[in-house]
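# Structural overview for review
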Amino acid sequence: MNHLGTDPAIEARGVHRIFGKGRKQVDALTDVDLTVADGEFVSLIGPSGCGKSTLLRLVADLDAATSGTITVFGKTARQARLDQEYGIAFQQSGLLPWRTVAGNVELPLKLHGVPAEVRRQRVAELLELIGLTDFAKSHPDQLSGGMQQRVAIARALAESPRLLLMDEPFGALDEITRERMQNELVRICAETGAAVLFVTHSIPEAVFLSDRVVVMSPRPGRITGVVDVRADGMVPAHDRSAGARDEEGFFRAVGEVRALLHGTPEQAVAARGVDTR
Amino acid sequence: MTTVAQVSPAKDTRARLPIAELRWSTVLAPLVVGVLAIAAWEWLVDSLEIEPFVLPAPSAIWDQITLNFDSIVKGATVTGRNALIGTLAGAVIGVAGAMLAGTFRFLDQMAAPVVAALAVIPIVALAPVLYSMYGAAVDTGRIIVAGLSVSIPVYLNTLRGLRQVKAVHRDLMTAYAAGPLQVIRSVTLPTATPYVFTGLRVASSLAVIAALIAEYFGGPIGGLGKSITSSAASSNYPLAWAYVSGAIVLGLLFYVVTLLVELWFSRHHRPTAG
């Protein structure tokens, strides 16, 4: 499942992204360096406009960096996209309303010419994984928001990618559904062993899901610090259970992320496992 | 013993037409208004002794409908056939044109003034010109008029529909490295489909009107339009109104059929959380 390659899942070096020109110029990302190891779960957190979604879109090759390099498993972002090295999920589930649940999950497989019999089998596996086997023939408008998002995640997993890119996938869900989805995501990631780059607004979500939390700040968008959740005494992200939210290390990591977000670096630096830049 | 509540999945997931909760009041209210209006009409004509050439009584029109039922149906068949062929041909032209204009921006820009011109002129005014080209005896001119009337709304709606593709769907297709044809087939066309049928519903009534009015300009035809003018010319006003009633039913038929088709094709396009 998890081919341990020598290349990290994501490697970004000196990435800048500038939108617009002249006086309307916006520095969406400034001098971003980030490495996500194979199988590692990394969250990007920060206020609106800090460039976290922009960074994810650059990795997905949905947008191009103004300068700097981004490699995915040692390939350029563009080549990685063409080779389908990653699966992606957005805040909007982006399901095609005219296709059934099964039809949506099999879409990437169908586009890439996977034979029907293999597709059928894979879709059955994925629906089992997200617990929606009974809804295979339903249409998206017959599902709740949480169920739609699960379908979107199944679709992202369809081709067993070693890297998952998730842009606030639970952003539109209520808190209760959200926590349940987080538990499921941990389980799914443990089963697939994929590396994840996860964009979120929520501090507890980032800490609970991640091996490392990357804190960003706006104007210009940049990385202000990285909190290694494992260094706070949490088990690696893939091994966590719902109870991890009650552990002391969880609260410590939440405090560190919060300190970094609110710009009191003295406190944050004092905490163990934080490297500010 | 533990009982576990079974979450039953949607058992019947077949699509239904989204005509939600058809209540008695929604059917009854218009019926009551209609009956009252006809009763008032009958009473007015009767008590004020209005001449039939001004306004015939509903009862007189009904008598003519029952007496000439076969002729009305025959007329509706002739006019309806022209309208139907025109609708189908116009829809094909409109959709094909919109797909071309949606793909090549310069075609859209080139076509825009022509489309605007066609959209503002009453296309049925072309009928006499077309009669001199094809002859009034054949249906060609009347079908062309109906087809042109349909193609414009279908073209405009389809073009709008082709531009409704959501950013998230576009991003997904890019992420999947889908080819241009794959994008058109998997996302663009299905997105546009409900819009095509909205255009078709708007246009279907226009097709009937165009086919009907085109007959006013002459030709030895058995259509409803011709029958309306000839009965009025021979001062048989209740009969003229009987043919008008036939035209109303024909127009409604086109509208309802295209409405049902539209509802069917947009049944899953209700706004969702995604």
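Predicted, not measured: the structure shown is a model, and the values here were computed from it. (Residues numbered from 1 in each chain as written. Chains lettered and ligands numbered in written order. Predicted model: local features only at pLDDT ≥ 70, side-chain atom pairs only at ≥ 80, totals over all residues.)

### Let's talk about the overall build of chain A
Tallying secondary structure elements over chain A gives ten helices and eleven strands in all. For 277 residues, the compact-globule estimate of 2.2 N^0.38 gives 19 Å, and the C-alpha radius of gyration of chain A, at 19 Å, lies within 12% of that figure. For chain A, the C-alpha atoms occupy an extent of roughly 55 × 45 × 35 Å along the three principal directions. Each of the 277 residues in chain A was classed as buried or not, and the buried ones make up 51%. Contacts in chain A between residues far apart in sequence, at least 24 positions, make up 69% of those at least 6 positions apart. (Helix = DSSP H or I, 4+ residues; strand = E, 2+ residues; numbered from the N terminus. Rg over C-alpha atoms; globule rule 2.2 N^0.38 Å. Buried ≥ 20, exposed ≤ 12 C-beta atoms within 10 Å, placed from the backbone. Contact = placed C-beta atoms within 7 Å.)

### Considerations on the nonpolar core
Among the nonpolar cores identified, the biggest contains 96 residues, and Val-59, Leu-165, Val-196, Leu-197, Val-207 and Val-257 of chain A are the most heavily contacted of them. In this view, Val-196 of chain A contacts Phe-41, Val-42, Leu-164, Met-166 and Cys-189 of chain A; residues no more than four positions away in its chain are not counted. If you look at the next biggest cluster of nonpolar residues, it comprises 52 residues, including Ile-61, Ala-91, Tyr-131 and Leu-206 of chain B. (Core = buried A, V, L, I, M, F, W, Y, C linked by C-beta atoms within 7 Å.)

### A closer look at the packing of helix α6 (residues 145–157) of chain A against helix α7 (residues 175–192) of chain A
Residue and element names in this part refer to chain A. Closest axis-to-axis distance for the α6/α7 pair is 11 Å, and the angle between their directions is 15°. Taken together, the axes of α6 and α7 lie roughly parallel to each other. The handedness of the crossing between α6 and α7 is right-handed. On α7, the residues touching Gly-146, Gln-149, Ile-153 and Leu-157 of α6 are Thr-177, Met-181, Ile-188 and Thr-192. Partitioning the contact of α6 with α7 into residue classes produces four nonpolar, four polar and no charged. (Axes fitted to C-alpha atoms, helices over the stretch in contact; angles between N-to-C directions. Parallel < 35°, antiparallel > 145°, perpendicular 65-115°, else oblique. Left-handed = near helix turned anticlockwise from the far one by under 90°. Nonpolar A, V, L, I, M, F, W, Y, C, P; charged D, E, K, R; others polar.)

### Considerations on helix α6 (residues 140–162) of chain B
End to end, α6 of chain B covers 31 Å across 23 residues, agreeing with the expected 33 Å (1.5 Å per residue, within 8%). Here α6 of chain B lies mainly inside the structure; 21 of its 23 residues are buried. (Expected span 1.5 Å × (residues − 1).)

### Section: unusual backbone geometry
All names here are of chain A. Each neighbour pair has its own omega, and for Arg-219 with Pro-220 the value is -10°, a cis peptide bond. Locating Pro-220 in the fold gives a position in the loop between β9 (212–217) and β10 (222–228). Look at Gln-84: it is not a glycine, yet its phi comes out positive at around 55°. Relative to the helices and strands, Gln-84 resides in the loop between α2 (77–82) and β6 (86–89). The phi dihedral of Ser-160 is positive, around 45°, even though this residue is not glycine. Looking at the element boundaries, Ser-160 is found in the loop between α6 and β7 (163–167).

### Side note on the environment of Val-213 of chain A
All names here are of chain A. Here Val-213 is to be found in strand β9. The class of Val-213 is buried, set by 29 C-beta atoms lying within 10 Å. C-alpha of Val-213 to C-alpha of Val-227: the two residues are 14 residues apart in sequence and 5.1 Å apart in space. Val-213 has contacts with Ser-43, Ile-45, Ala-206, Val-207, Val-227, Val-229 and Val-257, leaving out every residue within four places of it along the chain.

### Things to note about the confidence of the model for chain B
Detailed reading of the predicted coordinates is not advisable wherever pLDDT is low. Residues and elements named next belong to chain B. Averaged over every residue, the pLDDT of chain B is 83; the share at 70 or more is 89%. Note on residues 6–15: pLDDT under 50 across the span, and nine contacts to partners over four residues away in sequence or across chains. The complex model carries a pTM of 0.74, and its ipTM stands at 0.82. (pLDDT = per-residue confidence, 0-100.)

### Details of the interface of chain B and chain A
Taken together, the 22 residues of chain B in the interface contact 28 residues of chain A. Sort the elements by how many residues they give to the side of chain B that touches chain A and helix α7 (residues 167–175) of chain B lands first, with six residues.

### As for the packing of helix α5 (residues 116–130) of chain A against α6 of chain A
In a packed pair of helices, the relevant descriptors are the angle between the two axes and the axis-to-axis distance. Residues and elements named next belong to chain A. For the pair α5 and α6, the least separation of the axes is 10 Å and the interaxial angle reads 135°. Looking at the two axes, α5 sits oblique to α6. The crossing of α5 and α6 is right-handed. Across the interface between the two elements, Leu-126, Leu-127, Leu-129 and Ile-130 of α5 pack against Arg-150, Val-151, Ile-153, Ala-154 and Leu-157 of α6.

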